[in-house]
Amino acid sequence: MSERPSLTIGIEDEYQIIDPETRELRSFITQFLDGERMIMVEREIKPELHQAMVELGTPVCHTLEQARDELVKQRRFIIDLAAQKGLAVAAAATHPFSRWFDQSVTPLPRYQGVLQEMQLLAQRLLIFGMHVHIGIEDRAFAIDTMNVVRYMLPHVLALSTSSPFWIGRKTGLKSYRSAVFADFPRSGTAEICRTVADWDNMIGALTRSGCIPDGSKIWWDCRPHHKYPTLEFRICDICTRVDEAIAIAGIFQALVLWLWKLRQRNITFRVYRTELIDENRWRAARYGIDGKMIDFGKTEELPTRALVRELLEMIGEEIDELGIRPFMNPIDDILAHGAGADRQLRVYDANDGDIKAVVDHLIAETQEGL
Amino acid sequence: MYYPSFNIGIEEEYQLIDPESRELLGYVTQSMAREKMVVNERAPNADLAKLIREGAVAAGTPVCVDINEARDKLLRVREQMLELGVVGGFKVAGAGTHPFSRWEGREEMLAQYRQMAEDAQFVARRILAFGLRIHIGVEDRDLAIDVMNTIRYLLPHILCLSTSSPFWQGRDTGLKSYRAVLVDSLPRTGIPGAFASYHDYRSYVDTLMRTNSIPDPRRVMYDVVPHYRFPTLVIRICDMTPSYRDVLAITALAQATVAWMVDLRQRNMSFRLYDRILIAENKWRAVRYGLDGNLVDFGIEQQLPARTLIRELIDRVEPMARRLSSWHELEHCYTILERGSSADRQLAVWRAHGEDIRAVVDYLVAETENLA
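Since this is a predicted model, take the numbers as computed values, not measurements. (Residues numbered from 1 in each chain as written. Chains lettered and ligands numbered in written order. Predicted model: local features only at pLDDT ≥ 70, side-chain atom pairs only at ≥ 80, totals over all residues. Heavy atoms only, no water.)

### Side note on the overall build of chain A
Moving on, step 1. The secondary structure content of chain A amounts to 14 helices and 15 strands.
Moving on, step 2. With the C-alpha coordinates aligned to their principal axes, the bounding extent of chain A is approximately 60 × 50 × 35 Å.
Moving on, step 3. Looking at chain A residue by residue over its 370 residues, the buried ones come to 65%.
Moving on, step 4. Considering only intrachain contacts with a sequence separation of at least 6, the fraction spanning at least 24 residues in chain A is 77%.
Moving on, step 5. On chain A, roughly 13700 Å² of surface is accessible, and the fraction owed to carbon and sulfur atoms is 48%. (Helix = DSSP H or I, 4+ residues; strand = E, 2+ residues; numbered from the N terminus. Buried < 20%, exposed > 50% of the residue type's maximum accessible area, 1.4 Å probe, protein only. Contact = heavy atoms within 4.5 Å. Areas by Shrake-Rupley, 256 points an atom, 1.4 Å probe, with all protein chains shown as cover.)

### Description of the overall build of chain B
Moving on, step 1. Counting its regular elements, chain B contains 15 helices and 12 strands.
Moving on, step 2. In chain B, which comprises 372 residues, the share counted as buried stands at 63%.
Moving on, step 3. For chain B, long-range pairs separated by at least 24 residues make up 72% of all intrachain contacts whose partners lie at least 6 apart in sequence.
Moving on, step 4. Working note: accessible area of chain B is about 13300 Å², and carbon and sulfur atoms make up 47% of it.

### Topic: the sheet that holds strand E9 (residues 224-226) of chain B
Strand pairing in a sheet relies on backbone hydrogen bonds, with the paired strands running either antiparallel or parallel.
Residue and element names in this part refer to chain B.
Moving on, step 1. Taken in spatial order, the 4 strands of this open sheet run E1-E6-E10-E9, and their pairing is antiparallel. Strands with a single pairing partner mark the edges of an open sheet, and in this sheet they are strand E1 (8-11) and E9. The sheet shows a mean angle of 20° between the axes of neighbouring strands, taken without regard to direction.
Moving on, step 2. Relative to strand E10 (residues 232-239), strand E6 (residues 131-137) runs antiparallel, the two being bridged by 6 bridges. The residue bridging His 135 from the neighbouring strand is Val 234, located in E10.
Moving on, step 3. The sheet strands contacting helix H5 (residues 141-151) are E9 and E10, and the helix crosses E9 at an angle near 175°. (Pairing = 2+ DSSP bridges. Axes fitted to C-alpha atoms, helices over the stretch in contact; angles between N-to-C directions.)

### Brief notes about the packing of helix H5 (residues 153-160) of chain A against helix H10 (residues 304-314) of chain A
All names here are of chain A.
Moving on, step 1. Two elements in contact, H5 and H10, have axes whose closest approach is 10 Å; the angle formed by their N-to-C orientations is 115°. By the angle class used here, H5 and H10 are roughly perpendicular. The crossing of H5 and H10 is left-handed. On H10, the residues touching His 155, Ala 158 and Leu 159 of H5 are Thr 304, Leu 307, Val 308 and Leu 311. (Parallel < 35°, antiparallel > 145°, perpendicular 65-115°, else oblique. Left-handed = near helix turned anticlockwise from the far one by under 90°.)

### Some remarks on the interface of chain B and chain A
Moving on, step 1. On the side of chain A, 44 residues touch chain B, which itself brings 45 residues to the contact.
Moving on, step 2. Summing the contributions of chain B and of chain A, the shared interface buries around 3700 Å²; its carbon and sulfur component is 55%.
Moving on, step 3. Taken together, the links from chain B to chain A amount to 6 salt bridges.
Moving on, step 4. The partner of Glu281(B) in a salt bridge is Arg186(A), and the shortest N-O contact between them spans 2.6 Å.
Moving on, step 5. In this assembly, chain B and chain A are joined by 17 residue pairs in polar contact (both at pLDDT 80 or more).
Moving on, step 6. Contributing elements (two or more residues each) for the side of chain B that touches chain A: helix H3 (114-120), helix H4 (122-125), helix H7 (178-184), helix H8 (198-210), helix H10 (276-289) and strand E12 (302-305) of chain B.
Moving on, step 7. Of all the elements, H10(B) adds the most residues to the side of chain B that touches chain A, at 8 residues.
Moving on, step 8. Residues that form the side of chain B that touches chain A fall into these classes: 20 nonpolar, 11 polar and 14 charged. (Buried area = accessible area lost by both parts, 1.4 Å probe. Salt bridge = Lys/Arg side-chain N within 4 Å of Asp/Glu carboxyl O. Polar contact = N/O pair within 3.5 Å; in protein donor to acceptor, adjacent residues only side chain to side chain. Nonpolar A, V, L, I, M, F, W, Y, C, P; charged D, E, K, R; others polar.)

### Some points on empty space enclosed by the protein
Moving on, step 1. Evaluated as defined, the whole model comprises 5 cavities of 30 Å³ or more.
Moving on, step 2. Considered as a void within the structure, the largest cavity measures approximately 910 Å³ in volume.
Moving on, step 3. In terms of lining residues, the largest cavity is bounded by 37 residues, among which Ala182(A), Phe184(A), Ser187(A), Asp184(B) and Thr189(B) are the most central.
Moving on, step 4. Where the lining of the largest cavity is concerned, the elements lending two or more residues are helix H6 (176-181), strand E10 (187-188) and helix H9 (274-287) of chain A together with H7 and H10 of chain B.
Moving on, step 5. Ranked by residues supplied to the lining of the largest cavity, first place goes to H9(A) with 7 residues.
Moving on, step 6. Its residues assigned to classes, the lining of the largest cavity comprises 18 nonpolar, 8 polar and 11 charged. (1 Å grid on protein atoms, 1.4 Å probe; cavity = no way out; pocket = protein on both sides within 12 Å on 5 of 7 lines; lining within 4 Å. Points joined across faces, edges and corners; volume = space filled by probe spheres on them.)

### A word on the environment of Phe141(A)
Residue and element names in this part refer to chain A.
Moving on, step 1. Inspection of the secondary structure assignment puts Phe 141 in helix H4 (residues 139-149).
Moving on, step 2. Since its relative accessible area comes to 1%, Phe 141 is described here as buried.
Moving on, step 3. Note: C-alpha distance between Phe 141 and Glu 48 (93 residues apart in sequence) is 31 Å.
Moving on, step 4. Those residues in contact with Phe 141, other than ones at most four positions away along the chain, are Pro 5, Ile 136, Val 256, Leu 259, Trp 260 and Arg 263.

### Considerations on the confidence of the model for chain B
Residues and elements named next belong to chain B.
Moving on, step 1. When pLDDT is averaged along chain B, the result is 89, and 87% of the positions lie at 70 or above.
Moving on, step 2. Within the model, pLDDT remains below 50 along residues 105-115, and this stretch shows 25 contacts once partners closer than five positions in the same chain are excluded.
Moving on, step 3. In the predicted complex, the global pTM is 0.90; the interface-specific ipTM is 0.85. (pLDDT = per-residue confidence, 0-100.)

### Focus: helix H14 (residues 355-367) of chain A
Residue and element names in this part refer to chain A.
Moving on, step 1. The first and last C-alpha atoms of H14 sit 19 Å apart over 13 residues, in line with the 18 Å expected at 1.5 Å per residue.
Moving on, step 2. Residues of H14 that are buried in the fold lie against strand E1 (9-18), helix H1 (64-84), strand E6 (88-90), strand E8 (165-166) and helix H13 (340-350).
Moving on, step 3. Positioned one or two residues after H14, Gly 369 has a phi angle of 80°, which is positive. (Expected span 1.5 Å × (residues − 1).)

### Structural notes on the packing of aromatic side chains
Moving on, step 1. Scanning all chains against the criterion turns up 25 aromatic pairs over all chains.
Moving on, step 2. Summarising the aromatic geometry, the rings of Phe165(A) and Tyr348(A) are spaced 4.9 Å apart at their centres and angled 55° between planes, so their arrangement reads as tilted. Of this pair, Phe165(A) sits in strand E8 while Tyr348(A) is found in helix H13, placing the two residues 183 residues apart along the sequence.
Moving on, step 3. On the basis of relative accessibility, which here comes to 0%, the residue Phe165(A) falls in the buried class.
Moving on, step 4. Aromatic side chains Phe195(B) and Tyr204(B) sit 5.7 Å apart centroid to centroid with 40° between the ring planes, which places their arrangement in the tilted category. Note on accessibility: Phe195(B) and Tyr204(B) belong to one class, buried.
Moving on, step 5. In this structure an aromatic cluster arises from ring pairing among Tyr151(A), Trp258(A), Phe269(A), Tyr272(A) and Phe296(A).
Moving on, step 6. Above the plane of the ring of Phe195(B) lies Arg273(A), whose end atom (NZ or CZ) is 3.7 Å from the centre.
Moving on, step 7. The ring centre of Tyr274(B) lies 6.0 Å from the NZ or CZ of Arg272(B), which sits over that ring. (Phe/Tyr/Trp six-rings, centres within 6.5 Å; stacked < 30°, edge-to-face > 60°. Lys NZ or Arg CZ within 6 Å of the ring centre and 35° of its normal.)

### What about the packing of helix H8 (residues 242-264) of chain A against helix H12 (residues 329-337) of chain A?
All names here are of chain A.
Moving on, step 1. Contact geometry for H8 and H12: axes closest at 8 Å, N-to-C directions at 110°. On the basis of the axis angle, H8 is roughly perpendicular to H12. Here Asp 243, Glu 244, Ala 247, Ile 248 and Ile 251 of H8 come into contact with H12, specifically with Pro 330, Ile 331 and Ile 334.
Moving on, step 2. Partitioned by chemical class, the residues of the contact of H8 with H12 number 6 nonpolar, no polar and 2 charged.

### What about the pattern of salt bridges?
Residues and elements named next belong to chain A.
Moving on, step 1. One pass over the structure, following the stated rule, counts 60 salt bridges over all chains.
Moving on, step 2. The closest approach of N and O atoms between Asp 320 and Arg 325, which form a salt bridge, is 3.0 Å.
Moving on, step 3. Several salt bridges share partner residues, and in doing so they unite Arg 241, Glu 244, Asp 333, Arg 343, Glu 365 and Glu 368 into one network.

### Some thoughts on the side chain of Thr230(A)
Residues and elements named next belong to chain A.
Moving on, step 1. With respect to the helices and strands, the residue Thr 230 is situated in strand E13 (residues 230-233).
Moving on, step 2. Residue classification places Thr 230 among the buried residues on the basis of a relative accessible area of 10%.
Moving on, step 3. Dropping the residues within four chain positions of it, Thr 230 is found in contact with His 133, Ile 134, Gly 135, Ile 136, Arg 223, Pro 224 and His 225.

### What about the pairing of strand E14 (residues 292-295) of chain A?
All names here are of chain A.
Moving on, step 1. One ladder, built from 4 bridges, connects E14 with strand E15 (residues 300-303); its direction is antiparallel. Looking at E15, one finds that Ile 294 is bridged to Glu 301.
Moving on, step 2. Taking the residues between adjacent antiparallel strands as the criterion, E14 and E15 are bridged by 4 residues, where Thr 299 takes a positive phi near 50°.

Below, the structure written as C-alpha cells:
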C-alpha cells in the first residue's frame, strides 16, 4: 500500500462579470486579450467560452488555511480588476436573468471550435462551477476513491446550490446549473471504473477513435485529473460566500482521508449503481438541502439535512486530524439558514420578485469574508 | 429460454397544428394498455379534447404479429387522426419537436406530466418533445434484459434515421435531434447501464419505488427498457417522424436488430458489451449530426460515416428481416439514407423558403398526411 495521499488542495472558480448598472452579464475577457494571447496581469486568468465568464485557480495549497488565503486573494484580485473597468463580480452558478443567447463567445479558435461542435448547447452552457482538486498521488487509490465517493457527491452538491434562476425565471430547482450541464455528453455521475486499467482503456478507446483529445474532456462530477496527480471534484455550484467554498473543499479533503484510512483497514464504502446515485443527485439539484435523499444502505428516504449531518459525523475524526474544524462552521449555517440558492430565493421574495435585487445581493455576498 | 414472438407495437405521438398560425394546439400520444391501443389527447382546448376522446375509436389490439399488420394498424390510426382534423379544424404533424411553438402558457397541456412537473419542475416544462416508441415482443424476461444490454450499442444508429427535431422555439439548434436533449434532461433517461438479469433490473426499479423516487415503473424512461407490464422490450430513443414509411422502416430495423441479438445468443455468441460512456458518444453524434456525421465503430476504434455503419447494420440484419417478412419495409431505410432524415429535409425546406419556419410546419403536415 502506498503512502498517505498528500491531500493538497486547489480550487478553481468560475466568476460572473456584471455591469453594476444593468446588472446584466458583461463581456470582459476580450479586454485582456491581445490577439490570441492574454495580456499579462499578475495572475493567470483563463478565458472561457462566454466572454462574461472568467476562471481563476489557486496554486496548490498544502492546508485548508492556505487555500482560504489564496481563494480570498484570488477573489479580491478579480473584484479589483473588474472594478478598474467599472464592473462587478458575482459568484453564482447561473446569472439570475441574463440570457444565454445574447452572450458573446470568446473569439479564440478553440471556443469557436467548441461552438461549432456543440452548437446551441455550447451557447446555453452559461453556468459557473467550482472545481476542487485534492492531491492523490497513487492512481489506483484515486480511481478507487472516485468509485465510492460518487455516493456522497449529491450531499455536497446540496450544500453548494446557487442557481435557482434561469433567464429571469424561478426554475423550481436549486441547482439549475446541474440540469443545463446534463445536456453535455460525458457529464454527470462518473461511471464505475474497477481499476486504473479500466479508466485508461476507456480514455484510450475515446482518444484512438477521435472522440476526445485527452481525459480533460471527461466532465464527470469527479475525475482523476489528466495532468495533475489529483482527484477533481466538479459537482458543485460555485459558492457565493468564500467561507462556504472553503468548508466544502474541507469536506472533500476529509472524505478522501477517511476513505484512505478505511482502505488501510480493508474496508470500503459500498459501490452503488450509477442510476441510484443519479436519483440522489437529482434530488439535490431539485430541492437542495430542503428535500429528502435516499440512504441506499437502509433503502429509506431521510431528510437531506440529517444525511449531511451524518456525513459530517462520519468524517469527524478526519476533520479533526486535518485541523480544519474551525472552517466547518459555514456548514452548520447552511443547514440552519439555507444554501446560496435559498438565500437568493429569499431576497427575490422579500423584494417582490425584483430579480435585479438578487444580482445586487450576489455581488455583495461575493465580497463577504474577503 | 423460449423463442421470442418478435411481435410489434408502435406508439406514435402526433402534434395538432392550427392551420392558420401553424402553432401547436395540442398533441396526442398513444400507449399500450390492457388489450388495446388507447389514444390520449392532451389538448388545452376542451372541445378539441372531447372531439378526440370520442372520435378516436380503439385501433384494435395493439400487438401486431408482423410488420404487415403493424402497417395496417398504423395507417388506420393516422387516417382517423386526419378525419378528426377535418372535423376539428386542425392539421396533424409528426416530428420530434414543433419548429417554433414555445412552452409558455402551455402548462395545462402537460397534464400527463403533472406529477413529473412537480418533481422535475422547470426541466419538465421544456418537454414538448415527441417520440416514437417501438415495442418488440421478447417474452422471456431474462432474454429481454440480455437483448437490452447488447442492443444499446446499435440504438444511436437507429436514432440517426429518425432524427426530426432540428428546430426549437424558432431557432436552428444546430442539432438533428434536439428532442433527445430535451428528454435526456429528465431523470432516468438516456442510454441505460447494463443489468445482470431481470431480477437485477427489477430490484433497481423496486428500490426506486420503495424510496418514493417514482410512483410506478413507467417513470423509468431509458432509451430501451423492458415494458413494466407487457412482455416487450420498448425502444424509445427515436424521434417521431412525419412519414409513415419511415416509421415502418425504422420499426422493421429495430425488430430485425432485436432478432439478430437473439440469434447470436442462440449460437452461444453475444454482441460485445460496451461501456455506457462509449455508447453515449455515438448517441451524441447521432443527436448532433444525424446521418451526416461519423459514428465510432468501437470494435475497430475508428470513426466511419454514419451511413456506412447503418448500411453495415442493415446488411447484418437482412437475413432476420427476410425471416420476419419485413424486408420490403426495412428496405426503405436505404431511401432514408439517400434522401436524408426528416431533420435534413426540414432544414432544406427552411433554407429553400428563406428561413421561413412556417414553411417547415407546412412540410411536416404534408409529409404526415401523405398516406400513399
